[in-house]
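Reading the structure
Here is how the chains run, residue by residue.
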Amino acid sequence: MTVKLIPSLRRVAEHLVHNATAAEIASVEGLSASTVHAYLKDIRQHLDLPPRASRTVVANALLGRGEATVPDPGRSAPVLTSDQKLLFQAIATKSRRADIALAAGIAPADLHARTEALLSTVGATDTVHLIGLGHAWGLLAPQGESQSTPASAGSTRPVRRNTAPAQPTG
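Time to look at the side chain of Arg44. With respect to the helices and strands, Arg44 occurs in helix α3 (residues 33–46). No salt bridge is formed by the buried Arg44; its nearest oppositely charged neighbour, Asp42, is found at 9.6 Å. At 2.9 Å, the side chain of Arg44 and the backbone oxygen of Ala53 are in polar contact. Once residues lying within four places of it in the same chain are set aside, the contact partners of Arg44 are Leu49, Pro50, Pro51, Arg52, Ala53, Ser54, Arg55 and Val58.

Next up, the structure:
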């Protein structure tokens, strides 16, 4: 049996999957920035993720394990090519750019453009939002179904498009 996150970590997890930054989480929850970062470290440890796992990989693990509420996409899933689905899965499970590109079968130099094209097709503001949509649409399997545990220890920030930041909920 898997032990669920304690309530304080779950609140931070909810904000994270709804794309709030650490500063936004601190402000909404009345916490210091260092406390939020400590909570994020605790969440990574709870999920058995590497310490430098990206926010995108953390969001995927939280949603895949039922540790956070899947955001409402507000629309139906677009039709994706097999290459786009492969990139989607790579973004969800890998933190390092080189690992994402390798898993997606694309050249590292093409990763940014291909990711931007996927974000545009899906209508996501960044890769964390992409993961939330993927879970809402059933494009990403819950943990333990056909999805492997992320193994990449490198860190990348979510790829963010030039849009207004999402407002934290909750």
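Right, let's get into the packing of helix α7 (residues 111–122) against helix α8 (residues 127–136). In the contact formed by α7 and α8, the axes pass within 11 Å of each other and the chain directions differ by 50 degrees. If you check the angle between α7 and α8, you find them oblique. Classified by chirality, the crossing of α8 by α7 is left-handed. On α8, the residues touching Thr115, Leu118, Leu119 and Val122 of α7 are Thr127, Leu130 and Leu133.

This part is about the environment of Thr125. As for its position among the elements, Thr125 is in the loop between α7 and α8. When the C-alpha atoms of Thr125 and Asn19 are compared, they prove to be 9.6 Å apart, with 106 residues separating the residues in sequence.

Conventions and cut-offs
- Residue numbering note: each chain is counted from 1, following its sequence as written.
- Totals for whole chains, interfaces and linings use every residue, but because this is a predicted model, local features are given only for residues with pLDDT of at least 70 and side-chain atom pairs only at 80 or more, for both listing and counting.
- Excluding hydrogens and water, the side-chain figures rest on all heavy atoms present in the structure.
- For helices the rule is a DSSP run of H or I covering at least 4 residues; for strands it is a run of E covering at least 2, with both sets numbered from the N terminus onward.
- Relative accessibility under 20% of the residue-type maximum defines a buried residue, over 50% an exposed one, and the middle range a partly exposed one, all with a 1.4 Å probe and only protein chains included.
- His is not counted here, nor are the chain ends, while Lys and Arg score as positive and Asp and Glu score as negative.
- The salt bridge definition used is simple: a Lys or Arg side-chain nitrogen within 4 Å of an Asp or Glu carboxyl oxygen.
- For this analysis, a polar contact is any N or O atom pair within 3.5 Å, provided that within protein one partner can donate a hydrogen and the other can accept it, and provided that sequence-adjacent residues contribute only side-chain to side-chain pairs.
- For this analysis, residues touch if any pair of their heavy atoms sits within 4.5 Å.
- For helices, the fitted axis covers only the stretch in contact; all axes are lines through C-alpha atoms, and the angles between them, taken along N-to-C directions, range from 0 to 180 degrees.
- For classification purposes, an angle smaller than 35 degrees is called roughly parallel, one larger than 145 roughly antiparallel, one from 65 to 115 roughly perpendicular, and anything else oblique.
- Less than a right angle of anticlockwise turn of the near helix away from the far helix marks a crossing as left-handed, whereas a clockwise turn marks it as right-handed.

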